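Architecture at a glance
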Amino acid sequence: MAGSTHTVTNQAPPLTGYDVFTADRALTEAVERHLAPRLRTEALAELSGLGRGCGSLQTQEWGARANDNPPVLRTHDRYGHRVDEVDFHPAWHRLLGKGVSAGLTDAWSRPGGHVRRAAGFLMWTQVDAGNCCPLSMTHAAVPALRTDPDLAAEWEPRLTSRVYDRELRPAHLKAGALFGMGMTEKQGGSDVRANTTSARPLAEDGTYELTGHKWFCSAPMSDGFLVLARAPGGLTCFLVPRVLADGTRNVFLIQRLKDKLGNRSNASAEVEFAGTWARRVGEEGRGVPTIIDMVAATRLDCVLGSAGLMRQAVTQAVHHCAYREAFGGKLVDKPLMRNVLADLALESEAATTPALRLAAAYDAAQAGDEGERALLRLVVPAAKYWVTKRCAPVAVEAAECLGGNGYVEESGLPRLVRESPLNSIWEGAGNVQALDVLRALGREPQALDAYLTEVGRARGADHRLDGAIRGLLTELADLEAAEGRARRLVERLALVFQGALLVRYAPPEVADAFCASRLGGDGGAAFGTLPPTLDLASVVERARPVA
Ligand SMILES: Cc1cc2nc3c(=O)[nH]c(=O)nc-3n(C[C@H](O)[C@H](O)[C@H](O)COP(=O)(O)OP(=O)(O)OC[C@H]3O[C@@H](n4cnc5c(N)ncnc54)[C@H](O)[C@@H]3O)c2cc1C
């Protein structure tokens, strides 16, 4: 072409126009495994439709635009009236509309609903993690609201609706609604006993008036929030609607939006309550037990979210290396790069497989399976600890696979890197998860029984897994003074759980590489240190997205 100095060669084509679902073999196999045969055909078709949406150029661009144009707080209107509105880029609304209509807030109302939603959520995170925050909280609010049948009757159909209705109106006028949560205050987040927001009863009917603040309150444009505050009988859970039944605005003062490392499409606010109307959820003094079901569900979403981010990072890395040539050959065929990609792919599959297993446990627990409920009690915090911890190193290493391109915004990798630490922080940071696992071990013996039953199903299949189970049992035999070694213990619980699932369900080359490096001690601290004699080419090929 006239005026050009060179021809562009050896750049990978953009990865677009592909089906994020069918391209992810670990995910599709997990969905097939965990859904009853009568549900499979329809669910796979639905997820493939969503997968094509996630991989489309249009949706990818919405994700980029929503992050390039973060929300803006508008505290007052032009006349000085307080309005407390947050303005979002149109791309944010498009994404949220798609996410709601895809059923990402609705796991509770259909058989296999948790598995189906989990697969969708894992894919949707790859488009934009920010809008997954309100989707997650809306989905997770349902079990907490069910402690109060009247509130559940009013809100549940709206929270699980497929309609994104963004107008702030009273609940009875809304076709769909979003929820957030407010627990964290300035003086304490993990230790919610330090909450100072107070609740004064207005009448005998469970209505109260709140005074105080929340230091973090994400998705502040939501229709309602589950909030912890101190009532006369102790820490209590409340529903705070944005709009009151008569159509007037509740007092919900948005003071600032946080300037965050990542998750930039989403708004995270500091809010204040001053005579704010609230309705009690559950009994006075039972705030933590009431809201804990919501927290457990969002913790699983942290696992799914990290699995999604890792999958997207690995997808981009493998795709790039399948095209890029250096020193006379494709990067993907260079033994050392193959080792790095295989190691990353292992981490991704080892996140996806347990995440979907836990979603299946939710479906079973909802149908009354107490063993699965007990399994969730132990493994959700363990997986929240470990899977979310792996996300940042995976994202950073995957970006390096793209060389300099991976450090440049338009590759999408920097956004993944910025997003990657967050799931380990919110909904209880790493130490808090590890301590919660200790609590489950100490107080709920049925949780450990359920865990040992599950990993025991893989016994005898791999000597390194068997050895790791024996080592774990030795560690578990003495939980005296375990607090200082809780991370180490929880890491092992999680690794054994991952290994047990991969040995049963993943192809032999994946299970073999995982057991060798993560359980058998034959791997280094950095990625790319797998034993080179293993079938790493097959591990990488399995992770490769097909456009
Ligand atoms: C982007 C973003 C959005 C958020 N959105 C919301 C929201 O919508 N609603 C909401 O309620 N909160 C929200 N949060 C808050 C988040 O849940 C808290 O930040 C988190 O739970 C940690 O609480 P903290 O910040 O008060 O830290 P702290 O509780 O002070 O903890 C600091 C560190 O100490 C560790 N730690 C705490 N206790 C112990 C212990 N006993 N032993 C050892 N270590 C310990 C923690 O693991 C952590 O690493 C959000 C946070 C972020 C970053």
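A brief look at the structure comes next. Everything numeric here is computed off the predicted structure, so don't read it as measured data.

Comments concerning the overall build of the protein
- What the protein contains, in helices and strands, is 18 helices and 11 strands.
- A compact globule built from 547 residues should have a C-alpha radius of gyration of about 24 Å, and the protein, at 24 Å, falls within 12% of that.
- Seen through its principal axes, the protein has C-alpha atoms that stretch 75 × 75 × 45 Å.
- With 547 residues in all, the protein has 58% of them scored as buried.
- Taking the contacts inside the protein whose residues are at least 6 apart along the sequence as the reference set, 72% of them involve residues at least 24 apart.
- Only carbon and sulfur atoms are counted for the fraction: they give 52% of the accessible area of the protein, which is about 22,000 Å².
- On the protein, the mean spot of the 62 positive side-chain charges and the mean spot of the 65 negative ones are 1 Å from each other.

As for the packing of aromatic side chains
- Under the defined criterion, the tally for this structure stands at eight aromatic pairs.
- Seen in terms of ring centroids, Tyr 208 and Phe 238 are 4.9 Å apart; in terms of plane orientation they differ by 65°. Their pairing is edge-to-face. Note that Tyr 208 is positioned in strand E5 (residues 207-218) and Phe 238 in strand E7 (residues 234-241), a separation of 30 residues in sequence. As far as the burial class goes, Tyr 208 and Phe 238 line up, both buried.
- Taken together, a centroid distance of 6.4 Å and an interplanar angle of 80° make the contact between Trp 215 and Phe 216 edge-to-face.

Focus on the pairing of strand E1 (residues 72-76)
- One ladder, built from four bridges, connects E1 with strand E2 (residues 82-87); its direction is antiparallel. Opposite Val 72, over in E2, you have Asp 87 as the bridge partner.
- Counting the residues in the hairpin turn of E1 and E2 gives five residues, including Gly 80, whose phi is positive at 95°.

Quick word on the side chain of Gln 433
- Note that Gln 433 resides in helix H13 (residues 430-443).
- Residue classification places Gln 433 among the buried positions, given a relative accessible area of 1%.

Some words on the packing of helix H6 (residues 129-145) against helix H8 (residues 287-323)
- Their axes nearest at 8 Å, the elements H6 and H8 cross at an angle of 150°. Relative to H8, H6 is oriented roughly antiparallel. The chirality of how H6 crosses H8 is right-handed. Between H6 and H8, the residues in contact are Ala 129, Ser 136, Met 137, His 139, Ala 140, Ala 141, Pro 143 and Ala 144 and Thr 290, Asp 293, Met 294, Ala 297, Thr 298, Asp 301 and Leu 309, respectively.
- Of the residues that constitute the contact of H6 with H8, the class distribution is nine nonpolar, four polar and two charged.

A few points about the pattern of salt bridges
- Enumeration according to the criterion identifies 42 salt bridges in this entry.
- Asp 24 is the salt-bridge partner of Arg 311, the closest N and O atoms lying 3.5 Å from each other. In this pair, Arg 311 is assigned in helix H8 and Asp 24 in the segment before helix H1 (25-34), connecting sequence segments 287 residues apart.
- Residue classification places Arg 311 among the buried residues on the basis of a relative accessible area of 5%.
- Take Asp 24: its relative accessible area is 4%, and that puts it in the buried class.

Comments concerning the pairing of strand E6 (residues 224-231)
- With respect to burial, E6 is a largely interior element, seven of its eight residues being buried.
- Here E6 runs beside E7; their pairing, made up of eight bridges, is antiparallel. Across the sheet, the residue bridging to Phe 225 is Val 240, located in E7.
- Between E6 and the antiparallel strand that follows it, E7, lie two residues.

Structural notes on the packing of helix H9 (residues 335-366) against helix H16 (residues 486-505)
- One can describe the packing of H9 onto H16 by two numbers: an axis separation of 9 Å at closest approach and a directional angle of 90°. What the angle tells us is that H9 and H16 run roughly perpendicular. The residues of H16 that touch H9, namely those facing Glu 349, Ala 350, Ala 351, Thr 353, Pro 354, Arg 357 and Leu 358, are Phe 497, Gln 498, Leu 501 and Leu 502.
- Split into classes, the residues belonging to the contact of H9 with H16 amount to seven nonpolar, two polar and two charged.

Brief notes about the side chain of Glu 349
- Tracing the backbone through its elements, the reader meets Glu 349 in helix H9.
- Here the side chain of Glu 349 touches Arg 542 through a polar contact of 2.8 Å, side chain to side chain.
- Not counting the four nearest positions on each side in its chain, Glu 349 is found in contact with Ala 26, Pro 354, Leu 502, Ala 506, Pro 507, Val 510 and Arg 542.

Remarks on the nonpolar core
- Leu 226, Leu 356 and Tyr 451 are the most contacted members of the largest nonpolar core, which totals 175 residues.
- In terms of residue count, the dominant contributor to this core is H9 (17 residues).

Focus on the site of the ligand
- Around the ligand, 21 residues are found, and the nearest of them are Met 183, Thr 184, Gly 189, Ser 190 and Ser 218.
- Interatomic distance of 2.7 Å between a side-chain N/O atom of Thr 184 and a nitrogen atom of the ligand.
- Protein contacts shield 66% of the accessible area of the ligand, which totals 970 Å² for the unbound molecule.
- Looking at the shell around the ligand, the elements that each hand over two or more residues are strand E3 (179-182), E5, helix H12 (422-425) and H13.
- Tallied by class, residues from the shell around the ligand come to 10 nonpolar, nine polar and two charged.

Conventions and cut-offs
Residues numbered from 1 in each chain as written. Predicted model: local features only at pLDDT ≥ 70, side-chain atom pairs only at ≥ 80, totals over all residues. Heavy atoms only, no water. Helix = DSSP H or I, 4+ residues; strand = E, 2+ residues; numbered from the N terminus. Rg over C-alpha atoms; globule rule 2.2 N^0.38 Å. Buried < 20%, exposed > 50% of the residue type's maximum accessible area, 1.4 Å probe, protein only. Contact = heavy atoms within 4.5 Å. Areas by Shrake-Rupley, 256 points an atom, 1.4 Å probe, with all protein chains shown as cover. Lys, Arg positive; Asp, Glu negative; His and termini not counted. Charge placed at Lys NZ, Arg CZ, Asp CG, Glu CD. Phe/Tyr/Trp six-rings, centres within 6.5 Å; stacked < 30°, edge-to-face > 60°. Pairing = 2+ DSSP bridges. Axes fitted to C-alpha atoms, helices over the stretch in contact; angles between N-to-C directions. Parallel < 35°, antiparallel > 145°, perpendicular 65-115°, else oblique. Left-handed = near helix turned anticlockwise from the far one by under 90°. Nonpolar A, V, L, I, M, F, W, Y, C, P; charged D, E, K, R; others polar. Salt bridge = Lys/Arg side-chain N within 4 Å of Asp/Glu carboxyl O. Polar contact = N/O pair within 3.5 Å; in protein donor to acceptor, adjacent residues only side chain to side chain. Core = buried A, V, L, I, M, F, W, Y, C linked by side-chain atoms within 4.5 Å. Near = heavy atom within 4 Å.

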